[in-house]
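Coordinates in review
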Amino acid sequence: MAELPMGKGVSAGKIASNVQKKITRAQEKVLQKLGKADETKDLAFEEGVINFNKQLVEGTKLQKDLRAYLAAVKAMHESSKHLYECLDDMYESDWYGKKDVDSLLEDSDLLWTDFHQKLVDHALISMDTYLGQFPDIKARIAKRDRKLVDYDSARHNYAAVNKGKKKEGIKITKPASLLERAAPGWAQGILSAHNVAQTNLTRSQAEEELERAQKVFEEINIDLQEELPSLWNSRVGFYVNTFQSVAGLEEKFHREMGKVRTPAQPHQLTELYGYVKTMHDYNATDSDELELKAGDVVLVMSYENPEEQDEGWLMGVRESDWVQNKDLGKKGVFPENFTQRM
């Protein structure tokens, strides 16, 4: 017969006790399924366990989708970075706005990095912490189920002792042959010795066993009865906070990204004239005209209504005003013959 390997500090009596518990529980469950023994039921708790399992499935799915979302953000960041690097490489150094293109690449990269990190800090970490509660509670639910079987078994043993109407002190014998037949070969000898001790079970011992099993069961049961409903109710606030965080971060990211502009907006400035240089001072004689000094560089714009353009006149804004303010409020018309195309 093969020997059972025993770890440090594990005695044969401890092994026998554990084996006995497993066999007794298995026997109790069989009797309950066959209708030979009643089973303690708690419908409210069972509903709580159903909700717990549903909550765990939903939370796990949300965590998986959130991680996929973060992976997509990271991939989009890399794609955006490569695109702007390509633009930066193609933009020639003597073109207007070269410094703005360099800044665009840097600003875009910083915004993507910040967006991803804040999603991790405000959504993913909270998600992981939320799901971190479930393994311990799940293990205690399983333990409660085992202790409930122990309690039912002790309750039935105590009932059997009282039913015999024998005097206290009369010994009762458990069906050792059934337990021994169900045990693996290596445990036969251990169980035989253990069953001899079990035959000395008296009515008072059965009562003590029942009280002990009931106490252990009720301690873990009371805690779970309080925790499961509280955990179930917490899901609403957690889901709301998670989605609000993601939505808020998305909105802020796109708002900030919208402020990152490329130089020379196509709808504002035109490349037709390039960039012109003032050859002579020009004193404006009307409110819509541009005051110019010799040497000023003017960025030429297209008229919003081409029919308003007079022959020999251009619309534009001084380069210095545009670079400093990115504002077209100081745009005006000026005579083309006072300038030279650059």
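Details of the structure are given in the entry above.
Residue numbers restart at each chain and count upward from 1, following the sequence in its written direction. Under the rules for a predicted model, residues below a pLDDT of 70 receive no local features and side-chain atom pairs below 80 are neither given nor counted, while totals for whole chains, interfaces and linings still include all residues. For side-chain calculations, the full set of non-hydrogen atoms in the structure is used, while hydrogens and water are omitted.

A few words now on the overall build of the chain. Each helix is a run of H or I in the DSSP string that is no shorter than four residues. Each strand is a run of E no shorter than two, and both are numbered from the N terminus. Within the chain, the regular secondary structure consists of eight helices and five strands. Seen in sequence order, the chain has helices and strands lined up from the N terminus as α-α-α-α-α-α-α-β-β-β-α-β-β. The buried label applies to any residue whose accessible area, calculated with a 1.4 Å probe on protein chains only, is under 20% of its type's maximum; exposed applies above 50%, and partly exposed to all values in between. Here the chain, with 342 residues, has 33% of them falling under the buried criterion. Here, two residues are considered to be in contact whenever any of their heavy atoms come within 4.5 Å of each other. Look at the contacts in the chain between residues 6 or more apart in sequence, and 71% of them connect residues 24 or more apart.

Okay, the packing of aromatic side chains next. Each aromatic pair joins two rings of Phe, Tyr and Trp (for Trp, the six-membered one) with centres within 6.5 Å, and gets the label stacked for planes under 30 degrees apart, edge-to-face for over 60, and tilted for any other angle. Within this structure, the stated rule accounts for eleven aromatic pairs. Aromatic pair Trp112 and Phe115: ring centres 6.5 Å apart, planes at 55°, arrangement tilted. One end of the pair, Trp112, and the other, Phe115, are both in helix 3 (residues 98-131), three residues apart, so they sit about a helical turn from each other. Summarising the burial analysis for this pair, Trp112 and Phe115 share the class buried. Between Phe115 and Phe253, the aromatic rings sit 4.5 Å apart at their centres with planes inclined by 10°, giving stacked as the arrangement. Residue Phe115 is found in helix 3, and its partner Phe253 is found in helix 7 (residues 203-259); the two are separated by 138 residues along the sequence. Across the pair, exposure class does not vary: Phe115 and Phe253 are buried alike. For a lysine, the NZ atom is tested; for an arginine, the CZ atom; a charge sits over a ring if that atom is within 6 Å of the ring centre and within 35 degrees of the ring normal. In this structure, Arg144 is placed above the aromatic ring of Phe45, and the distance from its NZ or CZ to the ring centre is 3.5 Å.

The contact between helix 2 (residues 43-90) and helix 4 (residues 134-163) brings their axes to 12 Å, and the two run at 150°. The angle between helix 2 and helix 4 places the two elements in the roughly antiparallel class. In this structure, helix 2 meets helix 4 at a crossing whose hand is left-handed. For the pair helix 2 and helix 4, contact is made by Phe45, Val49, Phe52, Gln55 and Leu56 and by Phe134, Ile137, Lys138, Ile141 and Arg144, respectively. Just so you know the grouping, Ala, Val, Leu, Ile, Met, Phe, Trp, Tyr, Cys and Pro go in nonpolar, Asp, Glu, Lys and Arg go in charged, and all remaining residues, Gly too, go in polar. The residue inventory of the contact of helix 2 with helix 4, partitioned by class, reads seven nonpolar, one polar and two charged. Here, axes are lines fitted to C-alpha atoms. For helices the fit covers the stretch in contact, and angles between N-to-C directions go from 0 to 180 degrees. Angles are sorted into four bins: roughly parallel if under 35 degrees, roughly antiparallel if over 145, roughly perpendicular if 65 to 115, and oblique for all others. Crossing chirality is assigned from the near helix's rotation relative to the far helix, an anticlockwise turn below a right angle marking it left-handed and a clockwise turn marking it right-handed.

With that settled, consider helix 3. Taking 1.5 Å of rise per residue, 34 residues should cover 50 Å, and helix 3 covers 49 Å from first to last C-alpha, within 8% of that figure. Bend, in this description, refers to the angle at a residue between axes fitted to the seven residues ending there and the seven starting there. Its axis deflected by about 35° at Val120, helix 3 carries its strongest bend there. Helix span, expected: 1.5 Å multiplied by one less than the number of residues in the helix.

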